[in-house]
Amino acid sequence: MDTNLNKKPNGLALIPFVIFIVIYLGAGLIYQSKGVDMAFYQFPSVTAMFIAVLVAFLMGKGSINEKFAVFSRGAANIDVLTMLMIYLLAGAFSSVAAAMGGRDATINLGLSVIPVRFLAAGVFIISAFMGTATGTSMGTIGAIVPIAVGVADKGGLSIPLFLGACVGGAMFGDNLSMISDTTIAATRTQGCEMKDKFRVNFFIAFPAAIVTLILLIIFGRPEQLTEIGQLEYSFIKVIPYLLVLVLALMGMNVFLCLVIGIAAAGIVGFATASIDVAGYAQAIWSGFTSMNEVFFLSLFCGGISEIIAHNGGITWLVQKLGLMMKGNKSAQLGIAALVSLADCATANNTVAIIVSGSMAKDMSHEFKVDPRRTASLLDVFSCVFQGIIPYGAQLLSAAALTTAYGVAMNTVDIIPNLWYCWILAVFGIASIFIPFADGITKKDPWNWEYNCAESGVEAKKAVINMERIVEAENEEMMQ
């Protein structure tokens, strides 16, 4: 955020963001009306954001060079650059782990140990683990839905129920995963640690998952038992996923955690002869390139947010939203509503968080909402709506993958069975009024002066002192 933020509110400065949403949402609606598959993914979000960037450059005072300086300051912000690096490493880990067979091994392991009568609940658990370990709901749905539909078809179970269990579990993982792009975006835009956001998020998502499991166990039993058959898996190929999960929960630096995961996946692949050196290198590169869209979107959004803030747009928005907010709790509701609307407009939970992140951060500071709490709200409600909007990629993919079994499934048929997403919304709203998830924020409160948790104040002071020393040395050298 621009340190010289224009205090004079200017609503017109938000026009570039409005243009982005109108183009992206409008194109999706047009393609959907024409019956095009994956309608909201035909017009790339990066292209829509690029058009918005061009509009931002045409607005406001100053030369092109001055505007580019403001844009560059936002795009080169340390939080943006950190987010971009994490995206690349997360993509590389997911790609390498899948290439050496880790994803298939994890799915087969789960299906092998879960009793047939609990398959609906089992599909939810497997999807939740896969989503948490890989950080991608789309990858989880693509891997598990074909298996889930086949099992449901054989066992006489409701296919929409199984699809709802699979998508719900995938959104659970997407919401909590340390390497999910939604988690990365939520924590970096709010300036908090992933492990701290996880601790807040966990006490919202886990109870919702438990309630969902109970309902699936009670209402998801098959009318007749069916044999799945012998599924082959190698437990050693599951280890990289477990390693990254455990190291992240222990609080290890996310960069080091992901690098270790990439190395571990490669070692397992070499040891099992499931990948060679060239394949390993190609998988890393493939993982990097798989993050192209979110990489460029984050870069553009960081720059355009800085221009909008510089022109007074953020000040205007916070001022207007502030009229509807009377305190901490209403601010939390406002943050939840902001990211929910953004997700409905963009049909992409990562995009929704990136677009609304800087605004939510200002609202958080204005009403003293703990940034760890804000990050959790952004992630929870973006995942809730991403899971239930009928034109989102998750439901569109789940419905499309049923065609192999001769089933014509509509996304609307799945929505009533997305029990986890509905229950998560209830727990998310309840957590605002009943602070059952605020243990870490009470135990280690936020220091607004240093913009970090109390436990990190001394380290922050040391960094500030070091920066001052370096700055003084640079000034002496210049003289």
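This text follows the structure it describes.
Keep in mind that what you see is a predicted model, and the values were worked out from it rather than measured.

Chemist: Please clarify how the pattern of salt bridges should be interpreted in this entry.
Modeler: Any two side chains of opposite charge can pair, so long as their charged atoms come close to each other. Per the stated rule, a full pass over the model turns up seven salt bridges. Notably, a salt bridge pairs R73 with E306, separated by 3.3 Å at the nearest N-O pair. In this pair, R73 sits in helix α3 (residues 64–75) while E306 sits in helix α14 (residues 292–310), placing the two residues 233 residues apart along the sequence. A salt bridge links R199 to D196; the shortest N-O distance between them is 3.7 Å. Here the residue R199 and the residue D196 both occupy positions in helix α10 (residues 194–219), the gap between them amounting to three residues, near one helical turn. Shared partners join several salt bridges into a network, and the residues in it are K195, D196 and R199.

Chemist: I'm lost on the packing of aromatic side chains in this one. Help?
Modeler: Two descriptors summarise a pair of aromatic rings, namely the distance from one centre to the other and the angle between the planes of the rings. Scanning all chains against the criterion turns up 15 aromatic pairs. On the basis of an interplanar angle of 40° and a centroid distance of 6.4 Å, the ring pair of F57 and F68 is categorised as tilted. Here F57, found in helix α2 (residues 45–58), pairs with F68, found in helix α3; they are 11 residues apart in sequence, far enough to count as distant. Relative accessible area serves as the criterion here: at 14%, F57 is assigned to the buried category. With a relative accessible area of 47%, F68 lands in the partly exposed category. Relative to F203, the ring of F202 has its centre 5.6 Å away and its plane inclined at 85°; by these criteria the two rings are edge-to-face.

Chemist: Teacher, can you tell me more about the packing of helix α1 (residues 15–33) against α2 here?
Modeler: The interhelical angle for the contact between α1 and α2, taken along N-to-C directions, is 150°, at an axis separation of 8 Å. In terms of orientation, α1 lies roughly antiparallel with respect to α2. For the pair α1 and α2, the sense of crossing is right-handed. Note on element contacts: α2 touches α1 through S45, A48, M49, I51, A52, V55 and A56, opposite I15, P16, F17, I19, F20, I23 and Y24.

Chemist: Hey, could you run me through unusual backbone geometry in this one?
Modeler: Most peptide bonds take the trans configuration, and most residues that are not glycine carry a negative phi. Even without being a glycine, K368 presents a positive backbone phi close to 55°. Within the element layout of this structure, K368 appears in the loop between α17 (349–366) and α18 (371–388). Here K368 falls in the partly exposed class, since its relative accessible area comes to 45%. At N451, a position not held by glycine, the phi torsion is positive, near 55°. On the secondary structure map, N451 appears in the loop between β1 (446–447) and β2 (452–453).

Chemist: How should the environment of A99 be read in this particular structure?
Modeler: Considering the arrangement of structural elements, one finds A99 in helix α4 (residues 78–99). Once residues within four sequence positions are removed from consideration, A99 is found in contact with S274, I275 and A283.

Chemist: Honestly, the packing of helix α9 (residues 181–190) against α17 in this entry has me stumped. Any pointers?
Modeler: When two helices pack together, you describe them by how their axes are tilted relative to each other and by the distance separating the axes. Running from amino to carboxyl end, α9 crosses α17 at an angle of 20°, the nearest separation of the two axes being 9 Å. When the axis of α9 is compared with that of α17, the two are roughly parallel. Between α9 and α17 lies a crossing whose hand is right-handed. Of α17, the residues touching α9 (which contributes D181, T182, A185, A186, T189 and Q190) are N349, T350, I353, I354, G357, A360, K361 and S364. Split into classes, the residues belonging to the contact of α9 with α17 amount to five nonpolar, seven polar and two charged.

Calculation criteria
Residues numbered from 1 in each chain as written. Predicted model: local features only at pLDDT ≥ 70, side-chain atom pairs only at ≥ 80, totals over all residues. Heavy atoms only, no water. Salt bridge = Lys/Arg side-chain N within 4 Å of Asp/Glu carboxyl O. Helix = DSSP H or I, 4+ residues; strand = E, 2+ residues; numbered from the N terminus. Phe/Tyr/Trp six-rings, centres within 6.5 Å; stacked < 30°, edge-to-face > 60°. Buried < 20%, exposed > 50% of the residue type's maximum accessible area, 1.4 Å probe, protein only. Axes fitted to C-alpha atoms, helices over the stretch in contact; angles between N-to-C directions. Parallel < 35°, antiparallel > 145°, perpendicular 65-115°, else oblique. Left-handed = near helix turned anticlockwise from the far one by under 90°. Contact = heavy atoms within 4.5 Å. Nonpolar A, V, L, I, M, F, W, Y, C, P; charged D, E, K, R; others polar.

Keep in mind these numbers describe shape, not what the thing actually does.
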